Amino acid sequence: VLPLACRDDSESGGTSSRRVLPIVALDDSVAYVDGTSGLVFLLDPADPVLRPRIVPTGKSPIAAEKRKGANQLLVLTRGDQGSVSIAPEPARLVLIDPASANPVSYDLPGRYDRLAQSDDGAFAVLHYASASSGASGSMLYNPNDLAVVTFGSKTLKSRPIRSLGSVPTGVRFSPPGATLFGLPRTLAVVLAENYVTLLDLDRDDRTEITVPLVPDA
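Residues numbered from 1 in each chain as written. Predicted model: local features only at pLDDT ≥ 70, side-chain atom pairs only at ≥ 80, totals over all residues. Heavy atoms only, no water.

Undergrad: Would you mind going over the side chain of Arg92 with me for this structure?
TA: In this structure, Arg92 sits in strand β7 (residues 92-96). Within polar-contact distance, the side chain of Arg92 engages the side chain of Asp107 at 2.9 Å. (Helix = DSSP H or I, 4+ residues; strand = E, 2+ residues; numbered from the N terminus. Polar contact = N/O pair within 3.5 Å; in protein donor to acceptor, adjacent residues only side chain to side chain.)

Right, here's the structure in full:
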């Protein structure tokens, strides 16, 4: 079943090819994400018949990885902007637990193409890879808009950050157990050319702090 579902149609005389994301190894299964159909195939190697569990994720999945510290799969999709004949579908971050029948889906405020996780897997930050319109598939969007998912509370928060002439190039996190003024805190360090931005992920009501890395000209 799985080889047929994930095959390249061009090899069988079709006109389109299937796009399969890199295989993701979970604790007790492996996951194949078909970027063409928007389906995840979970395969348990201990199953003697190797029958996959099939989970829909939504349109245009572009990234999949194991959630840190958990036997779960994260899938980032870009959705579909829609047309006259096709209904729009939001971009999503989908959390799939092999032990649960129902995935958890977060509708995203933008068509992000980068996913970063905190070291303990408690948070995920979604951002754009570049300032080009092709990064989001839209002419109108803010390349400095981020989305933060808190898995413990199952919440999503849009966190736009100020720009000093550049866009995020990556996200790093404070180590688990770090404290700030004596209290446990998880900080996201958003990297950009010539400056960094600090986000307090435990307090989304706190304004971000932007620190230039070079003196003003």
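Undergrad: Would you mind showing me how to read the sheet that holds strand β9 (residues 114-117) here?
TA: Strand pairing in a sheet is mediated by backbone hydrogen bonds. Such pairs are either parallel or antiparallel. Ordered in space as β9-β10-β11-β12, the four strands form an open sheet in which the pairing is antiparallel. Every other strand in the sheet has two partners, leaving β9 and β12 (155-160) as the edge strands with one partner each. Pairs of neighbouring strands in the sheet enclose a mean axial angle of 20°, with direction left out of account. Sheet topology note: the β9/strand β10 (residues 123-127) ladder contains four bridges and is antiparallel. Bridging across to β10, Gln117 finds its partner in Ala124. (Pairing = 2+ DSSP bridges. Axes fitted to C-alpha atoms, helices over the stretch in contact; angles between N-to-C directions.)

Undergrad: What is the right way to read the sheet that holds β7 from this model?
TA: What the four strands build is an open sheet, ordered β5-β6-β7-β8; its pairing is antiparallel. Each edge of the open sheet carries a strand with a single partner, namely β5 (61-66) and β8 (104-107). Strand-to-strand twist across the sheet, computed as the mean angle between neighbouring axes with direction ignored, equals 15°. Pairing of β7 with β8, which is carried by four bridges, proceeds in the antiparallel orientation.

Undergrad: Any chance you could explain the environment of Asp119 here in plain terms?
TA: Within the secondary structure, Asp119 is located in the loop between β9 and β10. The sequence separation of Asp119 and Pro175 amounts to 56 residues, and the corresponding C-alpha distance is 6.7 Å. If sequence neighbours within four positions are ignored, Asp119 has contacts with Lys68, Pro175 and Pro176. (Contact = heavy atoms within 4.5 Å.)

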